[in-house]
Structure formats: structure tokens, C-alpha cells
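One-letter residues, chain by chain:
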Amino acid sequence: MTYFPDLRRLPDFITIETESECASFSGGYDILLHDVLVHMEQTTDCMKVYLSAQSTPVQRIRMRWNAVLPAETRFCADAWERGYGDFEWRGFVPERVMPWYFYAYTQNIFAGFGVRVRPDAMCFFCCDPAGITLTLDVRCGGTGVILNGRQLICAEIVCAEYCGISPFYAACSFTELLCSDGVFPKAPVYGANNWYYAYGKSSQEEILSDAAYLARLTDGLKNRPYLVIDDGWQKLRSEHSDQYIGGPWRSGNERFPDMAALASKIAAFDILPGIWFRPLQNRDTAIPPKCRLSFDPDCLDPSVPETLAWIAQDVKTLIGWGYRLIKHDFSTFDLLRFWGSAMQSSITNRPDSAFFDRSKTTAIIIKDLYRTIYESAENKAIILGCNCVGHLGAGYMQMNRTGDDVSGLNWERTRRMGVNTLAFRMPQHNRFYFVDADCCGITHSVDWEKNQQWLSLLANSGTPLFVSVKPGTLVPQQEELLKSALARASILQDAAVPLDWLDTTCPANWLIGGQHVAYNWFDQTGIQNLLI
């Protein structure tokens, strides 16, 4: 029995929204509003939606399929970029914005609806008891795109129903339909990142101490770990400039005097060097003014070809120094001025601002940035995205940080952000990229009993494990547990399965290696620090 509408058929209504008018139409594969043409092409496995126009600035296309949906249906949505502890199954919320794809579940029937990765539009769904709406946002920043006769592939819409398998495995099967060309590391990725104990206050000497410690913990492991130098190394970042965390990215500061020599010294420990950077925030005075965003001269506009060429050279510089994992961060916020949790249907908080090249949609501009970073690495380094639009980055990054920051100071933040994104973004793992649910921050500020469970889950999840260990924190017994966790993470494993994800935002019951493992994420005194 089919419970849900097939979105691969023609929608009942199509609405075209330009900067000057909004008009709705019914029926037909070609919808024309003045010089704006929406063309639909039905294939055996998807519905392709094309948009072309001459001079009319186009903002959005809305597609509506009318259908009575089962009243008891529950829905699980993806997110614009990272999760913020907010992935969950819910009933009908008609105004709920569900970016990129969503799952529906009722009476043991599971359905998935979505658009394939890397569309030319920012896409989101809404569901109500009378049907499904898909919005294709084709704006350039906050203004209409001017295509000048070009044609976009706004979306390739897919859907599928599953019966007789668990919702989690159905979700994995459906997610696979959305991406057929993901790129992945050649081996499991694990290691250390200094952020959650250093928080930007670090030095070359501390990094080398971390490298020696990581080498000792992983001695004898065939698959070697990465040591990622996070924020704090760049030229304008020092003990007295905490308000600015951008570039230039082609030299270190007084605490990191020689970044190439540092990479070589890390490698001498048989550790793979990694490094963080924020590609769009850059005060280098050599960058041409035309490359900068009109609304923030500290940040670069990737719709400008010269900007992409500059960023490509930044990446090549890091590669040339010897870094073999490049973590790029903050691109969603720097472009749209919203964190993913606030984007909703607005997407950007700059409603009057366009990027330099108004012939490109926001989605295309973001894809161009990710592709530039990926191709500039020339397969010499793993690309790890953070604060990235994962649906646009699949195929352009081997790893993606799929949740907001955990913490080396506050267990509640780790519980809320880390466990939630690991569970709900797990269907993307090894399909879009490797999902990175963030680090285990090991400091005296975080209760070891709880943190050790998070460490254990990450190490046995089949996803990357990174640890931030404040020197001197662990006693020998704890150190042995950490050593075992790193060894476990260094080998290929099946993905862990959240068994209770239908019922909670923080799954405690997991299937790991064929065994049921239960975790206790909560302190007996209750949740602390709700505002984090």
C-alpha cells in the first residue's frame, strides 16, 4: 500500500516568485511567467526542475503536491548546515522548514523525500496534513538571481517508500539515493585536535608536545593518526586579538614562527599534520577590494573569480607546508550571517544584499567555493568541512563536521550537540562523506565518567574520532582507556545504529558490532546549564 505522494510526478501547483510579482499555475511541464521559464523533466527515478530567465530577477519557485497524509505520521528533517542538538522526529508542524530532505514514518511504512546533492537552489520542504510543499530558493544572497538567459538545474527530486526494514536502515538506503559520487578518506580517520583544551591559546611547543603524546598513545598502530592545529596559529591571531580569528593564512604568528617546519616536526613523530583555516575571513591587504563582501570588508566574496583564485592559493600554501588534513570553517556564517539553526526560510539575514555576480545563486556560489578548496588540495590532503552546507559539499569534501561544537568545559553541551548529530546524521556516513560528530574534549572541567562514554561511542561508531586532551588530565588507567579507544578508531568498523532515535533527541541505546550497548548521558541531579 502506498501511503505518501510520489513527488516524481507533476506538482498540482507551481508558484514563481520574482522581485516584482508572485504567480501560481497548475499543470504542465513548462510554466512561463514573462521571460521566466520553469521546465520539468520526468525520468524513471526523479523529477528534474530547470529554471531559465532573461533579465527578470527570480527569487523562488514553490511546488505543491496535494495529498492527504496519515494523521499519525512523524517526520524527521535534515538541516541547512550543522545540527544544533535539534534533530528529532515530530508530528505535523506545517511551518517547519525541512532543508534538503526529510523522512516520514507511519504504520511501519517509511518514506524519504529529497533533492539530490549539489542542486543549484537552496531547497526546503514543508508538510501539512493536506500535502507537501518544496521551495527552491534561487536568490543571489538576499536578492533575485539575474540569469541572463542561463538555465539552472534547480533540483532533482527523489522519493522512495520502504516496508519491512527498520527506519534507520531505510533512512540509510534513501540517503544513498541522494548521492552517488561522494568522496571519502582511504582509511578510518582519527587523532587529536587541540581546540577543546586550548581554545586558541597555543604554541608550536605545545603542538609538538601533543604530537609526542599522540605518538605514544598510538605506537604500533598501522593506520596513523592526524594531529590538527586548530585556530590560533595564523598571523593576526595572538593573545591580544581574540576578537578576530581570520587570515592572512600564509604565515604563522610569533608563537608559530615556521608552519612548514612545524608540519615536518609533527610528521617526524609518524603523525599526519592537519590544520584549520577560515577561508572567507581575511584581512590580507594584498587582496583586491573587489574581492570583498559589500556588507563586510573583512570577508571575501566567492562569486568573484579572483577570490576563488586567492583561496586556491591559500589551500596550496597549506598543502605545500606539508599539512595532510585541511579543515575549513565558518563559510556558512561568513556568507549568510546566520548560523544554521537561525536560517529557517529566510536563509540569510542580509535581505537587501547580493553577491558581486548576480547571475549566480547562493547555492552555486557555495558550491564553487567548496569545489575550489577540494580541487586545490589535489588529493594530497583530506578536506574536512565545518559550518558547511553538507548537501552542497558532498563530493567536494571527504569529511564534514555535522554538528555544532561540543565542549571541553561543559558536559551538557557535548551531550546535546554530539550525541544528537552522531545519531541523526549517521545515514549520511560513507554516503555523502565521513560524518564527524566532533571531538571528545578531555579536561578537568568535564566529568570523566560521562566523557568516557562519549569517547567509547565515538571510538566504536565507525565514524572519525578526534580527542582534545589537556596535558596532565588523565591518570594511567584513564590513559589506557584512551589508548584503546584510539586503537579501535584506527580500524574499519560497521556504523553504530541508534536504536531509540524515534523516541528521543539523545539516543542512549545503540547497536555496536552486533551488540546492544546502553549509555547513561544524564547526571542524577538532572540537566544542567540549559542555555549553552
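What you are looking at is a predicted structure, and each value in this text was computed from that prediction instead of being measured.

Enquirer: Give me the lowdown on the nonpolar core, citing residues and values where you can.
Expert: In terms of nonpolar packing, the biggest core is built from 172 residues, with Trp233 and Trp510 touching the most fellow members. Counting residues in each nonpolar core, the second largest holds 13 residues, with Val228, Val406, Cys439 and Phe466 among its members.

Enquirer: So, the packing of helix α3 (residues 204-217) against helix α4 (residues 259-267): which residues are in play, and what are the values?
Expert: Two numbers describe how α3 lies on α4: the axes approach to 9 Å, and their chain directions differ by 20 degrees. Considering the angle they form, α3 stands roughly parallel to α4. Every pair of crossing elements has a handedness; the one defined by α3 and α4 is right-handed. Of the residues in α4, those in contact with Gln204, Ile207, Leu208 and Ala211 of α3 are Leu262, Lys265 and Ile266. For the contact of α3 with α4, the residue count by class is 5 nonpolar, 1 polar and 1 charged.

Enquirer: How would you summarise the side chain of Gln234 if you had to cite specific residues and measurements?
Expert: Within the secondary structure layout, Gln234 lies in the loop between β16 (226-229) and α4. Residue Gln234 is classed as buried on the basis of its relative accessible area, which comes to 0%. Polar contacts involving the side chain of Gln234 include one to the side chain of Asp231, which spans 2.8 Å. A polar contact of 3.1 Å, which involves the side chain of Gln234, links it to the backbone nitrogen of Gly232. Setting aside anything within four residues of it in sequence, one finds Gln234 in contact with Ile245, Gly246, Pro248, Trp249, Ser251, Gly252, Asn253 and Trp276.

Enquirer: How would you sum up the pattern of salt bridges? Please name residues and give values.
Expert: Close approach of charged atoms allows side chains with opposite charge to pair. For the coordinates displayed, the defined rule picks out 34 salt bridges. Arg283 serves as the salt-bridge partner of Asp298, at 3.1 Å between the closest nitrogen and oxygen. One end of the pair, Asp298, is in strand β19 (residues 296-300); the other, Arg283, is in the loop between β17 (272-277) and β18 (292-293), and 15 residues separate them in sequence. For Asp298, a relative accessible area of 22% corresponds to the partly exposed category. Put simply, Asp404 and Arg413 hold a salt bridge, and the shortest N to O gap is 2.7 Å. Residue class for Arg413 comes out buried when judged on its relative accessible area of 18%. What you see here is one network of salt bridges that share partners, running through Glu81, Arg82, Arg401, Asp404, Asp405, Arg413 and Asp438.

Enquirer: Could you give an account of the sheet that holds strand β13 (residues 131-137), with specific residues and numbers?
Expert: Read across the sheet, 6 strands follow the order β2-β1-β6-β13-β12-β9 without closing on themselves; strand pairing throughout is antiparallel. Both edges of this open sheet fall to β2 (22-25) and β9 (98-99), since each of them pairs with a single strand only. Pairing analysis gives 7 bridges linking strand β12 (residues 122-128) to β13, with the strands arranged antiparallel. For Cys123, the partnering residue across the bridge sits in β13 and is Leu136.

Enquirer: How would you explain the packing of aromatic side chains if you had to name every residue and give the values?
Expert: Two aromatic rings are characterised by how far apart their centres lie and by the angle between their planes. Under the definition given, this model contains 34 aromatic pairs. Ring centres of Trp80 and Trp100 lie 5.4 Å apart, and the angle between their planes is 85 degrees; this geometry places the pair in the edge-to-face category. Separated by 20 residues along the polypeptide, Trp80 in the loop between β7 (74-77) and β8 (89-90) and Trp100 in the loop between β9 and β10 (101-106) bring together distant segments of the chain. A single burial state applies to Trp80 and to Trp100, both of which are buried. Ring geometry for Phe102 and Phe113: centres 4.9 Å apart, planes at 20 degrees, overall stacked. One end of the pair, Phe102, is in strand β10; the other, Phe113, is in strand β11 (residues 109-115), and 11 residues separate them in sequence.

Reading guide: rules and limits
- Residues numbered from 1 in each chain as written.
- Predicted model: local features only at pLDDT ≥ 70, side-chain atom pairs only at ≥ 80, totals over all residues.
- Heavy atoms only, no water.
- Core = buried A, V, L, I, M, F, W, Y, C linked by side-chain atoms within 4.5 Å.
- Buried < 20%, exposed > 50% of the residue type's maximum accessible area, 1.4 Å probe, protein only.
- Axes fitted to C-alpha atoms, helices over the stretch in contact; angles between N-to-C directions.
- Helix = DSSP H or I, 4+ residues; strand = E, 2+ residues; numbered from the N terminus.
- Parallel < 35°, antiparallel > 145°, perpendicular 65-115°, else oblique.
- Left-handed = near helix turned anticlockwise from the far one by under 90°.
- Contact = heavy atoms within 4.5 Å.
- Nonpolar A, V, L, I, M, F, W, Y, C, P; charged D, E, K, R; others polar.
- Polar contact = N/O pair within 3.5 Å; in protein donor to acceptor, adjacent residues only side chain to side chain.
- Salt bridge = Lys/Arg side-chain N within 4 Å of Asp/Glu carboxyl O.
- Pairing = 2+ DSSP bridges.
- Phe/Tyr/Trp six-rings, centres within 6.5 Å; stacked < 30°, edge-to-face > 60°.

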